[in-house]
Amino acid sequence: MKTIQVVQGDITTIAADAVVNAANTTLMGGGGVDGAIHRAAGPALYAACEKFGGCPTGEARITSGFNLPAKYIIHTPGPIWHGGDHGEEQLLANSYRNSLTLADEYGCRTVAFPSISTGVYSFPLDRAAQIAVRTIREFLRSASHVEEVTMVCFDPTTARAYQAAVNN
Ligand code: AR6
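Residues numbered from 1 in each chain as written. Predicted model: local features only at pLDDT ≥ 70, side-chain atom pairs only at ≥ 80, totals over all residues. Heavy atoms only, no water.

Observations regarding the overall build of the chain
- Counting secondary structure elements, the chain contains five helices and six strands.
- Overall, the chain shows an N-to-C arrangement of helices and strands of β-β-α-α-β-β-α-β-α-β-α.
- Taken over C-alpha atoms, the radius of gyration comes to 14 Å for the chain, in line with the 15 Å a tight globule of 168 residues would show.
- In terms of principal-axis extent, the alpha carbons of the chain reach across some 40 × 40 × 30 Å.
- Counting every position in the chain, which comprises 168 residues, the buried fraction comes to 49%.
- Nonlocal contacts in the chain, meaning residues at least 24 apart in sequence, comprise 70% of its contacts between residues at least 6 apart.
- Here the chain has roughly 7,700 Å² of accessible surface; of this, 50% comes from carbon and sulfur atoms.
- Between the centroid of the 12 positive side chains of the chain and the centroid of its 15 negative side chains there is a distance of 4 Å. (Helix = DSSP H or I, 4+ residues; strand = E, 2+ residues; numbered from the N terminus. Rg over C-alpha atoms; globule rule 2.2 N^0.38 Å. Buried < 20%, exposed > 50% of the residue type's maximum accessible area, 1.4 Å probe, protein only. Contact = heavy atoms within 4.5 Å. Areas by Shrake-Rupley, 256 points an atom, 1.4 Å probe, with all protein chains shown as cover. Lys, Arg positive; Asp, Glu negative; His and termini not counted. Charge placed at Lys NZ, Arg CZ, Asp CG, Glu CD.)

A look at the packing of aromatic side chains
- The final tally for this structure, using the stated rule, is three aromatic pairs.
- Between Tyr 72 and Tyr 106 the ring centres are 5.3 Å apart and the planes differ by 75°, which places this aromatic pair in the edge-to-face class. Taken together, the residues Tyr 72 in strand β4 (residues 72-77) and Tyr 106 in the loop between α3 (88-105) and β5 (110-113) connect sequence positions 34 residues apart. (Phe/Tyr/Trp six-rings, centres within 6.5 Å; stacked < 30°, edge-to-face > 60°.)

Focus on the UniProt feature "domain: Macro" (unreviewed entry) in the chain
- Feature annotation in UniProt assigns "domain: Macro" (unreviewed entry) to the following positions: residues 1-168.
- In residues 1-168, the share of helix is 39% and the share of strand is 19%. The end C-alpha atoms are 19 Å apart. (UniProt positions renumbered as here; feature names shortened; annotations may be inferred.)

Quick notes on the site of the ligand
- With respect to spatial proximity, 22 residues lie near the ligand, and among them Asn 24, Gly 31, Asp 34, Ser 117 and Gly 119 are the closest.
- Sorting the residues of the shell around the ligand by element identifies β2 (18-23) and α1 (32-41) as the ones contributing at least two each.
- Ranked by residues supplied to the shell around the ligand, first place goes to α1 with four residues.
- Looking at the shell around the ligand residue by residue, the class counts come to 10 nonpolar, 10 polar and two charged. (Near = heavy atom within 4 Å. Nonpolar A, V, L, I, M, F, W, Y, C, P; charged D, E, K, R; others polar.)

Some remarks on the pairing of β4
- Within β4, six of the six residues are buried, leaving the element largely enclosed by the surrounding structure.
- The side-chain alternation of β4 yields two buried faces, one formed by Tyr 72, Ile 74 and Thr 76 and the other by Ile 73, His 75 and Pro 77.
- Relative to β4, β2 runs parallel, the two being bridged by six bridges. Note that in β4 the partner of Ala 18 across the bridge is Tyr 72.
- Relative to β4, strand β3 (residues 61-64) runs antiparallel, the two being bridged by four bridges. Within the sheet, the bridge partner assigned to Arg 61 lies in β4 and is His 75. (Pairing = 2+ DSSP bridges.)

Focus on the sheet that holds strand β6 (residues 148-153)
- Pairing is mixed across the open sheet formed by six strands, whose spatial order is β1-β6-β5-β2-β4-β3. Lying at the two open borders of the sheet, with one neighbouring strand each, are β1 (3-8) and β3. Strand-to-strand twist across the sheet, computed as the mean angle between neighbouring axes with direction ignored, equals 25°.
- Here α1 sits on the sheet in contact with β2 and β4, set at roughly 130° to β2. (Axes fitted to C-alpha atoms, helices over the stretch in contact; angles between N-to-C directions.)

Rendered as structure tokens:
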């Protein structure tokens, strides 16, 4: 049975095969979940990310999990919200789909996501949750290895939005 679930918590503590980082296009760290992942994974993560020379919005790159309990970290820059008519919805779907594609290629069974783009990048939460859940469900239908996707939400409001999208 392939499943999508929602939990409230800190993604740096999750022992999934892959955890996803809501990065920026430099892949060189920042605030929010990106800062938390870099702090917890340790400085070797910066060295690994430096080698990519950045990453376009909606694409994804994979590294080791270093000091995290996760085996891999998948880094994806989500879109910055500019009002909705700059391809934001498509780019957010790309971030989820490209992250899952990498996880599947690396044989991951379990994948954990934060709420990409809904912090500093200001993507409206309910719309982001619907796009995330729709894209994950579509992907799971044809996945070879990924079976369990967890949305790890930092606060109760975010958790409620993703739970509502899952229940729909
Ligand atoms: N575990 C899970 N979720 C978290 C954690 C955590 N430890 N910490 C924060 N969140 P944001 P974005 C939630 O701003 O909007 C960075 O500077 C947070 O509450 O981290 O994609 C990057 O370098 C929110 O619900 O990511 C980029 O420059 C969600 O994670 C930029 O921010 C996403 O918030 C990316 O902005």
